[in-house]
Amino acid sequence: MRIIIYTGKGGTGKTVNSCSTAVKLADNNQKTLIISSDPAHTLSDAFMIEYIGNEPTKVIDSLYALQVDPIVEINKHFNSILSYIASTFFSKGVDETLSYEIAMLPGMTQLFSLLKIEESVRYDNYDSIVLDMPASGEALRYLYFPKLAGSIGRKLTEFTGVFSGFAKMFQPFSGLTGNSTPSNVLHDEIKLMTRLESLSKLIIDPNITTLRLIANPDTFSIENAKRSLMSANLYGINVDLVIINKIMPKGSNDKYFANWAEFQNNKVEEAKYNFYPLPIKEAGLYEKELRGIEMLRENARLVFGVDDPSKIFYSGNVFEFIKEDSVLRMKLKVPFTDKDNFELERYGEHLTIKVKGPVGFIINVIPLPMVTIGMKIAKSKLVDDELNVFFEPGY
Ligand SMILES: Nc1ncnc2c1ncn2[C@@H]1O[C@H](COP(=O)(O)OP(=O)(O)OP(=O)(O)O)[C@@H](O)[C@H]1O
Ligand SMILES: [Mg+2]
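A brief report on the enclosed structure follows. Keep in mind it's a predicted model, so treat the numbers as computed, not measured.

A separate point is the site of ligand 1. Taken together, 18 residues lie around ligand 1, and Lys14, Thr15, Gly284, Glu289 and Leu290 are the ones closest in. Thr12 is positioned such that a nitrogen or oxygen atom in its backbone is 3.2 Å from an oxygen atom of ligand 1. Within the side chain of Lys246, an N or O atom sits 3.2 Å from an oxygen atom of ligand 1. Notes on ligand 1: free accessible area 630 Å², of which the protein chains cover 80%. Those elements giving two or more residues to the shell around ligand 1 turn out to be α1 (14–27) and β7 (239–247). Top contributing element to the shell around ligand 1 by residue count: α1, with three residues. Grouping the amino acids of the shell around ligand 1 by side-chain chemistry returns five nonpolar, seven polar and six charged.

Here it is, written out as structure tokens:
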């Protein structure tokens, strides 16, 4: 079983590349499910199918699509949690309608698409599940959330007996009735957390789940993808591929287009350094909007060539952090081995590596994790293609 997740900045092509991947997987006779939680219902736009709902809809042979509807999911599974939270707000004087709005915590959509994956893994036997994640820097956090919630869930389970006893005792005084009793809520909550924990095991298993980054040949979306790569590494999620999408063709006689093509070409070269050692696939900007089964299929052919899209293109961390007493060692793979060839500098929460590349100097800006705040670079050491940067407390 494979789970393939696409993420990237808004509009870079997550949906169309998720769909392309799914079409090619299905063409290879793998039973595939594509899941999206985008409220804009973009799967039906991409496949050019009238309606894709909250249950798997057949797209072509072996391919099913599902558009998560968070409201349906909440009502199906977690109504008691929601009404419990809402009643808590309501009892504190918040208007009832507003209570429900507040209870819809941010990230609920992402959470429910994760639970939908877990459900699909449990009940249906798909060979591959492709997840089209919404564009949000926060989105990755929700992939990590199951692990966190799962371990809290386990602790809660140990106390269930005690808690539900208490809840029953206090019920007559709490003013809560029927479905909203704390013991009911607790029961649902534990079920939810147990499910999240089993999902978390799948997400951090590098033989099952890989995250793929979509960027365009521009600074903004590439920086965004680098931040996602750093977060994914911190969360222990394997990133196996970068797709640079919408690259303009070279060779135009028009100066305007030629300039853009040159700029983008440089960005792609830079990206090869920036994302090293991740493999990069390049996808051109088509002469019309990419959509419909035939175009998606052709796009998959151009992006993946003869490769099976469910292949794990890379395994391992690009960044690694090791705590050695008060010193923090960051290990990262770099595309050079000559220690005279690069310069290292820290600017706030970024580390820059300046290195001479084929198209002049390339500056790789690496977003640093929160843990390095309040630390400074003590030294660096290059061992073959592995750069070790040592941080120690201080400014
Ligand atoms: N290589 C391409 N050539 C031509 N059009 C493309 C290409 N890639 C994507 N598009 C078009 O760009 C638009 C955005 O693509 P898509 O919806 O896949 O991006 P997204 O990252 O999912 O966006 P969002 O962040 O809104 O979810 C769509 O109209 C799509 O058809
Ligand atoms: Mg999209």
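Now that the structure has been shown, we can carry on.
Okay, helix α9 (residues 219–235) next. Since there are 3.6 residues in each turn of an α-helix, residues three or four apart along the chain are aligned in direction. In this model α9 runs 24 Å from its N-terminal to its C-terminal C-alpha over 17 residues, within 8% of the 24 Å that 1.5 Å per residue would give. Three or more residues of α9 are buried, namely Ser221, Ile222, Asn224, Ala225, Lys226, Ser228, Leu229, Met230, Ala232, Asn233 and Tyr235. Regarding α9, its N-cap is Asp218, as a side-chain oxygen of that residue lies 3.1 Å from the backbone nitrogen of Phe220 further along. One or two residues past the end of α9 sits Gly236, with phi positive at roughly 80°.

A few words now on the sheet that holds strand β5 (residues 128–132). Reading across the sheet, the eight strands line up as β3-β4-β2-β5-β1-β6-β7-β8 and stay open at both edges, with mixed pairing between neighbours. Both edges of this open sheet fall to β3 (57–60) and β8 (280–284), since each of them pairs with a single strand only. Direction aside, neighbouring strands of the sheet carry axes that sit 25° apart on average. Across six bridges, the pairing between strand β1 (residues 2–8) and strand β6 (residues 209–215) is parallel. Paired with Thr7 across the two strands is Leu213, which belongs to β6.

Counted under the stated rule, the structure contains four aromatic pairs. Between Tyr256 and Phe257, the ring centres sit 5.1 Å apart and the planes meet at 90°, which makes this aromatic pair edge-to-face. Residue classification places Tyr256 among the exposed positions, given a relative accessible area of 55%. Taking the relative accessible area as the measure of exposure, Phe257 reaches 38% and is therefore partly exposed. The ring of Tyr126 has Lys31 sitting right over it, with the charged end atom 4.7 Å from the ring centre. Here Lys379 stacks its cationic end above the ring of Phe390, 4.8 Å away from the centre of that ring.

Here Thr42 shows up in helix α2 (residues 42–47). A distance of 3.2 Å separates a polar atom in the side chain of Thr42 from a polar atom in the side chain of Asp38. Filtering out sequence-adjacent residues up to four positions away, Thr42 remains in contact with Thr15, Ser36, Gln67 and Asp132.

Turning to the pairing of β1, a few remarks are in order. Every regular strand shows the same layout, with side chains that alternate between the two sheet faces. In terms of residue burial, β1 counts as a mostly covered element, since seven of its seven residues are buried. Here β1 shows two buried faces, one formed by Arg2, Ile4, Tyr6 and Gly8 and the other by Ile3, Ile5 and Thr7. Inspection of the sheet shows β1 paired to β5 by five bridges, in the parallel sense. Residue pairing across strands places Ile3 opposite Ile129, the latter belonging to β5.

Looking now at the pattern of salt bridges. Throughout the structure, instances matching the rule amount to 18 salt bridges. Glu119 is the salt-bridge partner of Lys116, the closest N and O atoms lying 3.5 Å from each other. With Lys116 and Glu119 both in helix α6 (residues 108–123) and three residues apart, the pair spans about one turn of that helix. Under the relative-accessibility criterion, Lys116 is labelled buried at 1%. Residue Arg212 pairs with Asp240 through a salt bridge whose shortest N-O separation is 3.1 Å. Taken together, the residues Arg212 in strand β6 and Asp240 in strand β7 connect sequence positions 28 residues apart. The exposure class assigned to Asp240 is buried, which follows from its relative accessible area of 0%.

About the criteria used
- Residues numbered from 1 in each chain as written.
- Chains lettered and ligands numbered in written order.
- Predicted model: local features only at pLDDT ≥ 70, side-chain atom pairs only at ≥ 80, totals over all residues.
- Heavy atoms only, no water.
- Near = heavy atom within 4 Å.
- Polar contact = N/O pair within 3.5 Å; in protein donor to acceptor, adjacent residues only side chain to side chain.
- Areas by Shrake-Rupley, 256 points an atom, 1.4 Å probe, with all protein chains shown as cover.
- Helix = DSSP H or I, 4+ residues; strand = E, 2+ residues; numbered from the N terminus.
- Nonpolar A, V, L, I, M, F, W, Y, C, P; charged D, E, K, R; others polar.
- Expected span 1.5 Å × (residues − 1).
- Buried < 20%, exposed > 50% of the residue type's maximum accessible area, 1.4 Å probe, protein only.
- Pairing = 2+ DSSP bridges.
- Axes fitted to C-alpha atoms, helices over the stretch in contact; angles between N-to-C directions.
- Phe/Tyr/Trp six-rings, centres within 6.5 Å; stacked < 30°, edge-to-face > 60°.
- Lys NZ or Arg CZ within 6 Å of the ring centre and 35° of its normal.
- Contact = heavy atoms within 4.5 Å.
- Salt bridge = Lys/Arg side-chain N within 4 Å of Asp/Glu carboxyl O.

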